[in-house]
Structure formats: C-alpha cells, structure tokens
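# Breakdown of the fold
Take a look at the letters that make up each chain.
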Amino acid sequence: MKDVSYSDRRGFLRRSIAIVPAATAFGAGGVTGAALAQTAAKAPAPATSPGTPNAPYTPVYFNATEWAFVQAAVARLIPSDDAGPGAIEAGVPEFIDRQMEGAFGHAATWYMQGPFIEVSPLFGYQKKMPPREVYRAGIAATDAYCRKQFGDKPFAQLAAAQQDDVLKGLEAGSVMLDGVGATDFFGFLLQNTKEGYFSDPIHGGNKNAAAWKMIGFPGARADYADWVDRPGVKYNLPPVSIAGPQG
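Each value, and the rule that gives it
Residues numbered from 1 in each chain as written. Predicted model: local features only at pLDDT ≥ 70, side-chain atom pairs only at ≥ 80, totals over all residues. Heavy atoms only, no water. Phe/Tyr/Trp six-rings, centres within 6.5 Å; stacked < 30°, edge-to-face > 60°. Helix = DSSP H or I, 4+ residues; strand = E, 2+ residues; numbered from the N terminus. Buried < 20%, exposed > 50% of the residue type's maximum accessible area, 1.4 Å probe, protein only. Lys NZ or Arg CZ within 6 Å of the ring centre and 35° of its normal. Axes fitted to C-alpha atoms, helices over the stretch in contact; angles between N-to-C directions. Parallel < 35°, antiparallel > 145°, perpendicular 65-115°, else oblique. Left-handed = near helix turned anticlockwise from the far one by under 90°. Contact = heavy atoms within 4.5 Å. Nonpolar A, V, L, I, M, F, W, Y, C, P; charged D, E, K, R; others polar. Core = buried A, V, L, I, M, F, W, Y, C linked by side-chain atoms within 4.5 Å. pLDDT = per-residue confidence, 0-100. Salt bridge = Lys/Arg side-chain N within 4 Å of Asp/Glu carboxyl O.

### Overview of the packing of aromatic side chains
- All told, the structure shown has 14 aromatic pairs when counted by the stated rule.
- Taken together, a centroid distance of 5.9 Å and an interplanar angle of 90° make the contact between Tyr135 and Phe185 edge-to-face. Placement of Tyr135 in helix 5 (residues 131-149) and of Phe185 in helix 7 (residues 182-198) is noted, with a sequence separation of 50 residues between them. Taken as a pair, Tyr135 and Phe185 share a single burial class, namely buried.
- When the ring of Trp227 is compared with that of Tyr235, the centres are 4.8 Å apart and the planes differ by 65°; the resulting orientation is edge-to-face.
- Directly above the ring of Tyr61 sits Arg136, whose terminal nitrogen or CZ lies 4.1 Å from the centroid.
- For the cation-ring pair, Arg230 lies above Trp227, with the distance from its terminal atom to the ring centre recorded as 4.2 Å.

Spelled out as structure tokens, the structure:
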C-alpha cells in the first residue's frame, strides 16, 4: 500500500476496475473464483437485501476480534470521501465474510495438494492453507505484532496512521508474521476488498451499487439496443444488479 492521499487512492480504484475481470464485477469471481463450484462449498444466503444500505449483518465466519480487524483494515484500504463511499459503507466486510464460507474461502476449486514450495508470485498462490485459514492466521498474527509494537493494542485500536504503517509493512513483507506469509495475507485482503467494492451487490458488497454509480458502470443490463445509435450521449440509467435495479 503505497503512501498516497485519499484522492490518489480513489483514482487508483477507478483505474483498477479496468483490470478486474468482468466475472468479478458480476459474480465475485476473477482471480479468486469465489462464484465457482457452488456445490463444493455453498455460500450462506444473503442476510439482508443486497440493495439495502446500512442494513445490519452478523458475520458467519469471523469472530468478534477478527470482524473488528476486517472492518478497520478495509476502512483504511478504501476510505470514504466526497467522490464515493468507502469500503465500510459499501459493505465490503460482509462480502469478505461471506466469501470465507463459500468456494473461495475453502479453496474448493484449487489444487491444494503438495508439494508446497516457495515459487515466484507469477505462479499464483501455492501454499497449504485455504484463504479462510490465511485470514484467521493472518489476523491473529497481525494483532500479535501490533500488541508488541504499540503498547498491547490490536490493529483495530490503533490510530489511522499506525494502521496504514502496518498495512504497508504487510504489503512489503517487512512485517514478519508467525505462521503465515504477510504478503499472502495482505494480497488476499486487498484483492477481496476491491472485489467486494466492485462486485454485484447480490454478493453482499457494493451496497446499492454505489461503486458502479461512482464509475458509471451500468451493471447487468441485458439490452442496450436503444443506445447503440447514440454515440457521445451520456448513459444516465441507474445500474442493474443480477437481483434487479439498484436505484
């Protein structure tokens, strides 16, 4: 996580949507493949209407300590500003929690047999633990590191600047964690945060399609025939989720 301003982060997010696969926007897939193999590890049904912002959500995988970490971390990765909602407002923590109980969290579609050896990141994730275990171990280890460095305070209780420093250390691998790779953990956290922010609201994140509205993405509309012969005309219809219109 480079040392950039909030506006720079927002610009980065707008640019990053261009490299997020279409499957991610519609089905929370892409790199993680979370929407695949539903029979292998079926994700829990939505606790609330995907289009209802600020609706209460009770995590099904993370415990209270882990939930506090996830909320604090994603709030620093995508903070709210005048251009659009932050990760908290967009429901990213809910998205990540639900993915932990789905095919992605269980690595249900990945080859997870040995040998487990250190390889180039170009080969993708090659470790023994599925993502849900990486999160559990990574959160515990990061909190343990924070308690040692910041007067017995867990990550969620640190000042924003301190949280940013810890996240940068995880990204760079300069923060050493016990039992799990810092870059593996941060890689999942950042990727899932971006996915939750831009995915179809049916998966729990991108509440009320706010991120789609911010970047002008129309969503899952099936018919653009009325707009084919109107080059240069602004498309002003609201985005549509798989579950229906999003205001």
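### Looking at the packing of helix 5 against helix 7
- In the contact formed by helix 5 and helix 7, the axes pass within 9 Å of each other and the chain directions differ by 110°. Taken as axis vectors, helix 5 and helix 7 run roughly perpendicular relative to one another. When you trace helix 5 past helix 7, the crossing you get is left-handed. Residue-level contacts link Pro131, Val134, Tyr135, Gly138, Ile139 and Thr142 of helix 5 to Asp184, Phe185, Phe188, Leu189 and Asn192 of helix 7.
- Along the lines of polarity and charge, the residues of the contact of helix 5 with helix 7 split into seven nonpolar, three polar and one charged.

### Side note on the environment of Val180
- Secondary-structure assignment places Val180 in the loop between helix 6 (160-172) and helix 7.
- For Val180, a relative accessible area of 10% gives the class buried.
- In this structure Val180 touches Met129, Val134, Ala137, Gly138 and Ala141, once residues within four positions along its chain are discounted.

### Concerning the side chain of Glu66
- Position of Glu66 among the secondary structure elements: in helix 3 (residues 64-77).
- Beyond its immediate sequence surroundings of up to four residues, Glu66 is in contact with Tyr61, Arg136 and Ile139.

### Looking at the nonpolar core
- Core analysis: the biggest nonpolar cluster contains 40 residues, and Phe62, Ile96, Tyr135, Phe155 and Leu170 have the highest contact counts within it.
- Among the secondary structure elements, those contributing two or more residues to this core are helix 3, helix 4 (92-100), helix 5, helix 6, helix 7 and helix 8 (210-215).
- The residues contacting Tyr135, other than those within four sequence positions of it, are Phe62, Ile96, Met100, Phe185, Phe188, Leu189 and Asn192.

### A word on helix 4
- Most of helix 4 sits out of view: nine of its nine residues are buried.
- Within helix 4 the residues assigned to the buried category are Val92, Pro93, Glu94, Phe95, Ile96, Asp97, Arg98, Gln99 and Met100.

### Points about the packing of helix 3 against helix 6
- At a closest axis distance of 10 Å, the pairing of helix 3 and helix 6 adopts a crossing angle of 85°. In this view, helix 3 runs roughly perpendicular relative to helix 6, as classed from their interaxial angle. Only Ala160, Gln163, Asp164 and Leu167 of helix 6 make contact with helix 3, whose side of the interface consists of Ala72, Ala73, Arg76 and Leu77.
- Here the contact of helix 3 with helix 6 is built from residues that sort into five nonpolar, one polar and two charged.

### Re the confidence of the model for the protein chain
- Averaged over the protein chain, the pLDDT score is 83; the fraction of residues at 70 or greater is 77%.
- Taken together, the stretch residues 21-53 has pLDDT below 50 and engages in 79 contacts with residues farther than four places along the chain or on a different chain.

### Overview of the pattern of salt bridges
- Applying the stated criterion to the full structure yields seven salt bridges.
- When the shortest N-O distance is used, the salt bridge between Asp184 and Lys127 registers 2.5 Å. Note that Asp184 is positioned in helix 7 and Lys127 in the loop between helix 4 and helix 5, a separation of 57 residues in sequence.
- Arg147 is the partner of Asp152 in a salt bridge, and the nearest nitrogen-oxygen pair spans 3.5 Å.
- Given a relative accessible area of 38%, Arg147 falls into the partly exposed group.
- Through salt bridges with shared partners, a single network forms among Glu94, Arg98 and Lys207.

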